Amino acid sequence: MVKEAQNNSTVKVFSTPSGLYYWLAMNVTEPPLTNIWLRKAIREAIDVPGIIKDAYSGLFTRTNAIIPRQLGVGHWPDAPVYNQNIPLAKSYLQKSGLKNVTLKLNVDNVQNDVAAAQIIAANLAQIGIKVNVIPVDAATISDLPGPGGGGPHPQLLYYYYGGQSDPNEWFEWWTCAQVGLWNWDHWCSPEFTKLTNQALATYDRNERTKLYIEAQKLWNDETGMVWICNSDNYVGCAPYVKPSFLAQGGIQVWNTTAV
């Protein structure tokens, strides 16, 4: 429908990344994912643009960290971009010392997300890792309290969360207190939690951003997450109408203007 609207000369299509962000979590406490070289190999093997193109028809925006650019506070503009690098991924897997790795990948049983998980499985097969994709119904995958992912010993989990206009609403789910609840890479870092708490108590926008970036650098070094994309919100309007969007992608109907 979006593609049809974009090809319709009587409709002008506007879009913006939303607060819905997709990621692959690696449970850093569950063998064999306790091995950081295995996690690094997985991150290097995944073709993020390919997932966006084939699972989401190229309509979503790639993200390299948790906070999207338009949110401003907490955004990490220099976050590393991990493009698929099969030789490097294989070298990391060799450094791990692991052989014949088989992993399970839980995913919400939604067509596009299952397709994304299958692409991830195909990517990892390129470096010799077998992945069993397990679609899980929504009620089970988010059942609380629990470890997340619809099972007592999750390994890989492809899922999405939604954030609002303040970065704390994005970071709070990944602190130590959320392990066993919504922290589904199961990484507990007192320093990460301390930095995000300091940011929450800071009023200066630039200082808050610095604290959140430091927290994200710690997270990135741990290699427990692969950031995939933000879903985009699309609005089709008459050519003379210009919509307005909130920072997290919501539409400001009351602020719509004429071009």
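Since we're looking at a predicted model, the values are computed, not measured. (Residues numbered from 1 in each chain as written. Predicted model: local features only at pLDDT ≥ 70, side-chain atom pairs only at ≥ 80, totals over all residues. Heavy atoms only, no water.)

Enquirer: For this particular structure, what's the right way to read the pairing of strand E5 (residues 156-162)?
Expert: A regular strand carries its side chains on alternate faces of the sheet. Counting buried residues in E5 gives 5 out of 7 residues, a clear majority hidden from the surface. Pairing geometry for strand E3 (residues 102-108) and E5, over 3 bridges, is parallel. Of the residues in E5, the one forming a bridge with Leu105 is Leu156. (Buried < 20%, exposed > 50% of the residue type's maximum accessible area, 1.4 Å probe, protein only. Helix = DSSP H or I, 4+ residues; strand = E, 2+ residues; numbered from the N terminus. Pairing = 2+ DSSP bridges.)

Enquirer: When you look at unusual backbone geometry in this model, what are you seeing that I'm missing?
Expert: Excluding glycine, residues mostly carry a negative phi; peptide bonds, for their part, are mostly trans. The peptide bond linking Pro31 to Pro32 adopts the cis configuration, its omega dihedral lying at 0°. One non-glycine residue, Thr223, lies in the positive phi region at around 60°. Tracing the backbone through its elements, the reader meets Thr223 in the loop between helix H9 (205-222) and strand E6 (225-237). Note on Thr223: relative accessible area 0%, which makes it buried.

Enquirer: Please clarify how the packing of helix H3 (residues 48-55) against helix H5 (residues 111-125) should be interpreted in this entry.
Expert: Between two packed helices, the angle of one axis relative to the other and the distance separating the axes together describe the packing. Relative orientation of the contacting elements H3 and H5 amounts to 145°, with a least axis distance of 9 Å. H3 and H5 meet at a crossing whose hand is right-handed. Residue-level inspection shows Gly50, Ile51, Asp54 and Ala55 of H3 in contact with H5, the latter providing Asn112, Ala115, Ala116, Ile119 and Ile120. Its residues assigned to classes, the contact of H3 with H5 comprises 6 nonpolar, 2 polar and 1 charged. (Axes fitted to C-alpha atoms, helices over the stretch in contact; angles between N-to-C directions. Left-handed = near helix turned anticlockwise from the far one by under 90°. Contact = heavy atoms within 4.5 Å. Nonpolar A, V, L, I, M, F, W, Y, C, P; charged D, E, K, R; others polar.)

Enquirer: How should I be thinking about the pairing of E3 in this particular structure?
Expert: With 5 of 7 residues buried, E3 is to be regarded as a mostly interior element. Sheet topology places E3 next to strand E4 (residues 130-136); 7 bridges connect them, and they run parallel. Bridging from a neighbouring strand, Val107 pairs with Pro135 of E4. Once the chain exits E3 it traverses H5 before rejoining the sheet at E4, and the crossover so formed is right-handed. (Right-handed = clockwise from strand over helix to strand, strands pointing away.)

Enquirer: I keep staring at the pattern of salt bridges and nothing clicks. Help me out?
Expert: Proximity of charged atoms lets side chains of opposite charge pair with each other. Scanning the model with the defined rule gives 4 salt bridges in all. With a shortest N-O distance of 3.3 Å, Asp54 and Lys53 are connected by a salt bridge. The residues Asp54 and Lys53 share a single accessibility class, namely exposed. Between Lys217 and Glu214 there is a salt bridge, and its shortest N-O distance comes to 3.6 Å. (Salt bridge = Lys/Arg side-chain N within 4 Å of Asp/Glu carboxyl O.)

Enquirer: Whenever I open this one, the state of the cysteines confuses me. Can you help?
Expert: In protein structure, a disulfide is the covalent linkage between the sulfur atoms of two cysteines. Scanning the entire structure with this criterion turns up 1 disulfide. Between the sulfur atoms of Cys176 and its disulfide partner Cys188 the distance amounts to 2.1 Å. Here the disulfide of Cys176 and Cys188 is right-handed, its torsion about the S-S bond being about 100°. Remark: Cys188 occurs in the loop between helix H7 (168-171) and helix H8 (190-200) and Cys176 occurs in the loop between H7 and H8; sequence separation between them is 12 residues. Classification of Cys176 as partly exposed rests on a relative accessible area of 23%. (Disulfide = S-S within 2.5 Å.)

Enquirer: What exactly am I supposed to notice about the packing of aromatic side chains here?
Expert: Within a pair of aromatic rings, the relevant descriptors are the distance that separates the centres and the angle that separates the planes. For the coordinates displayed, the defined rule picks out 26 aromatic pairs. Ring geometry for Tyr21 and Trp227: centres 6.2 Å apart, planes at 45°, overall tilted. Note that Tyr21 is positioned in strand E1 (residues 12-26) and Trp227 in strand E6, a separation of 206 residues in sequence. Of the two residues, Tyr21 and Trp227, both sit in the buried class. Between Lys40 and the ring centre of Trp37, over which it is positioned, the NZ or CZ distance is 5.9 Å. For the cation-ring pair, Arg43 lies above Tyr82, with the distance from its terminal atom to the ring centre recorded as 3.9 Å. (Phe/Tyr/Trp six-rings, centres within 6.5 Å; stacked < 30°, edge-to-face > 60°. Lys NZ or Arg CZ within 6 Å of the ring centre and 35° of its normal.)

Read these as layout, nothing more, since geometry by itself doesn't imply function.
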